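Descriptive structure summary
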Amino acid sequence: MSPHVKRSFKYRFYPTDTQAAELSRTFGCVRKVYNLALAARTEAWARQERVNYNQTSAMLTAWKKTGELAYLNEVSSVPLQQALRHLQNAFANFFAKRARYPRFKAKKKSRASAEYTSSAFRFRDGRLTLAKMADPLDIVWSRPLPEGAKPTTVTVSRDSAGRWFVCLLCEDPSVRPLAMTCTAVGIDVGLDHLFTLSTGEKIANPRHERRDRERLAKAQRELSRKAKGDGANRQKARQEVAKIHARIADRRRDVLHKLTTRLVRENQTLVIEDLTVRSMVKNRSMSRAISDAAWAQFRNLLEYKATWYGREVIAVDRFFPSSKLCSHCGTLQPEMPLGVRTWMCGSCGTVHDRDVNAAKNVLAAGLAVSVCGAGVRPQRRTPGGQSAVKQKPRRREP
C-alpha cells in the first residue's frame, strides 16, 4: 500500500451566470470531442485498424482549425485532452474484457463534467480558479481538505437536478492501515432488515425511496402532462423529478458510508455474499426494494475502505445455502421458503433466526477459505472455475 492514499473530496458550489455559461460550453465541447474521437476510432476499428490517444490528439488539433469546429478554441484545451484520455482508458478496458465497447455521449443522458489538471487551475488560500475564468468558484467547504493538501486534479460537474459540484483529488496522509484486530463478522443482506450481522445485530432498512414515493409519483405525473420537447415547463418538471431522486440517493449514500466505515473500523475480516444484483432486479415484484437497498454500492464502499485501512473482505459463493444450513450442527434443510423467518433444526433442535443463522454460516464459510494477509481478496475459485465454497448441487441431465 502506498504511503498516502489519493482521495477525492466533493463540494457543492454556486457559479455566477458567466461561470455557468463557460462551464456549460466546456461540457458541450468535451462531449463533442469525445464523440468525434469515438466515431474516428470506430471507423478505424471497422477497417481492422487501431487509433491511439496520440492520433486522436492530433485529430483534435486539426478539428480546431476547421471553420465548423473552431468554437473548440473558446474553452480550455485541458478538459478536451482529458476526454481523449478517458476514451483511451475506455478502449483499454474493452480490449482487456473488463467493459463493453465505449458508447457515444448523449446530450440529455450523459453526465455533464469536465476534468482539469494542475496546469488548468489555480488553488491558493482555499480559493479555486479555473482556466478561462477571472473569478474563483464560490465553493461551500462542508469539510476541510487534509492539512497541506494540494489538489492534482479538479473535476467540475452538474447533475440532473441542476446542482454544481467540484471534486478535488488530493493525497490524504490521514488514511492509514488500522491496528490489527481478531474480530471477524459475517454480513447477510436483506429487505426486512438491510443487514444482519453474525453477532446478532440487525440494521434496519431505512427504505429511502418509500419515504418520498408519493412526492416522486406526483412530480412524475406533472412531468408526463408537459408537452414533449425542450420547453421551459417540461425542463422545470424534469428537474423537480431529478431533485427528488437526488435527495433519495444522497440519504442512501450517507447511511451506507456511515455503516461501512463503522464495520471496517471494528472488524479485521468482513465476509459477504457474492450476489448478482443485476440479475436479482429483474424480479419485477422486488426490483424496486432491491434497488433501494443498494447492495452493490454497499459492497463497493466496503471493499475500497478495506483497502485503505488494511482489512480483508471475503465474498462467498452466491449458491452457498446459508439460510438452509444449521449453523450449530451443519444439517442442511431440504426447503426454506422466504416466509419462514424462524425455524428449528430437526437434528439438534436449535431454534434459529433465519437472517442471523445465515450471517453465521456466511462467516464460517468465509473463514474456511480465508488466507493470511490484509486487503480485499477477490472471490477464491478452484482451477476448474468453481468457487472454493460449497455450491448448491446442480441437477444432472438424464
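In this numbering scheme, every chain counts its residues from 1 along its sequence in written order. Given that this is a predicted model, residues contribute local features only at a pLDDT of at least 70 and side-chain atom pairs are listed and counted only at 80 or more, while totals for whole chains, interfaces and linings are drawn from all residues. Remark: hydrogens and water are excluded; side-chain values derive from all non-hydrogen atoms of the structure.

The protein goes by IS200/IS605 family element transposase accessory protein TnpB in an unreviewed UniProt entry, where it is assigned to Streptomyces luteolifulvus.

**Remarks on the packing of aromatic side chains**
Stacked, tilted and edge-to-face pairs are distinguished by plane angle, under 30 degrees for stacked and over 60 for edge-to-face with tilted covering the rest, among Phe, Tyr and Trp rings (Trp via its six-membered ring) whose centres lie within 6.5 Å. In the structure shown here, the tally under the stated rule is 13 aromatic pairs. Ring centres of tryptophan 308 and tyrosine 309 lie 6.2 Å apart, and the angle between their planes is 80 degrees; this geometry places the pair in the edge-to-face category. Neither residue differs from the other here; tryptophan 308 and tyrosine 309 are each classed as buried. Ring pairing ties together the aromatic residues Trp45, Phe91, Phe94, Phe95 and Tyr101, which thus form one cluster. One residue, arginine 41, lies across the ring of phenylalanine 91, its end atom 4.2 Å from the ring centre. We call a residue buried when its accessible area falls under 20% of the maximum for its residue type, exposed when it is over 50%, and partly exposed in between, using a 1.4 Å probe and counting protein chains only. Working rule: Lys NZ or Arg CZ, within 6 Å of ring centre, within 35 degrees of ring normal, means a charge sits over the ring.

**Remarks on the environment of valine 140**
Relative to the helices and strands, valine 140 resides in strand E5 (residues 139–140). Judged by relative accessible area, valine 140 falls into the partly exposed class, the value being 42%. Separated by 26 residues in the primary sequence, valine 140 and valine 166 place their C-alpha atoms 10.0 Å from one another. Setting aside residues up to four positions removed in sequence, valine 140 forms contacts with Tyr11, Arg12 and Tyr14. Helix numbers and strand numbers start at the N terminus; a helix is a DSSP run of H or I with at least 4 residues, a strand a run of E with at least 2. When checking whether two residues touch, look at their non-hydrogen atoms; a contact exists if any pair is within 4.5 Å.

**Some points on the UniProt feature "domain: Probable transposase IS891/IS1136/IS1341" (unreviewed entry) in the protein**
UniProt positions are given in the numbering used here, feature names are shortened, and annotations may be inferred rather than shown by experiment. The feature "domain: Probable transposase IS891/IS1136/IS1341" (unreviewed entry), as given by UniProt, occupies residues 175–283 in the numbering adopted here. Along residues 175–283, the helical share is 51% and the strand share 17%, with 40 Å between the first and last C-alpha atoms.

**Remarks on the state of the cysteines**
Cysteine sulfur atoms are paired as a disulfide whenever they come within 2.5 Å of each other. This structure, assessed with the given rule, holds zero disulfides. Free of any disulfide, cysteine 167 has its nearest cysteine sulfur in cysteine 170, 11 Å distant. Given a relative accessible area of 14%, cysteine 167 falls into the buried group. Distance from the sulfur of cysteine 326, which forms no disulfide, to the nearest cysteine sulfur (cysteine 329) is 3.6 Å. Owing to a relative accessible area of 2%, cysteine 326 belongs among the buried residues under this scheme.

**Observations regarding the sheet that holds E5**
In short, DSSP must find at least two bridges between two strands for them to pair. If you walk across this open sheet you meet the five strands as E2-E6-E7-E1-E5, and the pairing is antiparallel. Edge positions in the sheet fall to strand E2 (112–117) and E5, since each of these pairs with one other strand and no more. Sheet topology note: the strand E6 (residues 153–158)/strand E7 (residues 164–172) ladder contains six bridges and is antiparallel. Looking at E7, one finds that valine 154 is bridged to leucine 168. Of the strands in this sheet, strand E1 (5–13), E2, E6 and E7 are in contact with helix H1 (residues 17–46), which crosses E2 at around 95 degrees. Helix axes are fitted only over the stretch in contact, all axes being lines through C-alpha atoms; the angle between N-to-C directions runs from 0 to 180 degrees.

**Let's talk about the side chain of threonine 129**
As for its position among the elements, threonine 129 is in strand E4 (residues 127–130). The class for threonine 129 is buried, based on a relative accessible area of 6%. Apart from residues lying up to four places away in sequence, threonine 129 is in contact with Phe121, Arg122, Ala134, Asp135 and Pro136.

**Observations concerning the nonpolar core**
Residues enter a nonpolar core if they are buried and are Ala, Val, Leu, Ile, Met, Phe, Trp, Tyr or Cys, with the set joined through side-chain atoms within 4.5 Å. Leu23, Leu130, Val156 and Val166 are the most contacted members of the largest nonpolar core, which has 42 residues in total. Mapped onto this core, the elements with two or more residues apiece are E1, H1, helix H2 (53–64), helix H3 (77–95), E2, E4, E6 and E7. A per-element tally of this core places H1 first, with nine residues. Ignoring anything within four residues of it in the chain, the contact list for leucine 130 reads Leu23, Tyr116, Ala120, Phe121, Leu137, Val154 and Val156. Membership of the second largest hydrophobic core comes to 29 residues, among which are Leu270, Trp308, Tyr309 and Ala315.

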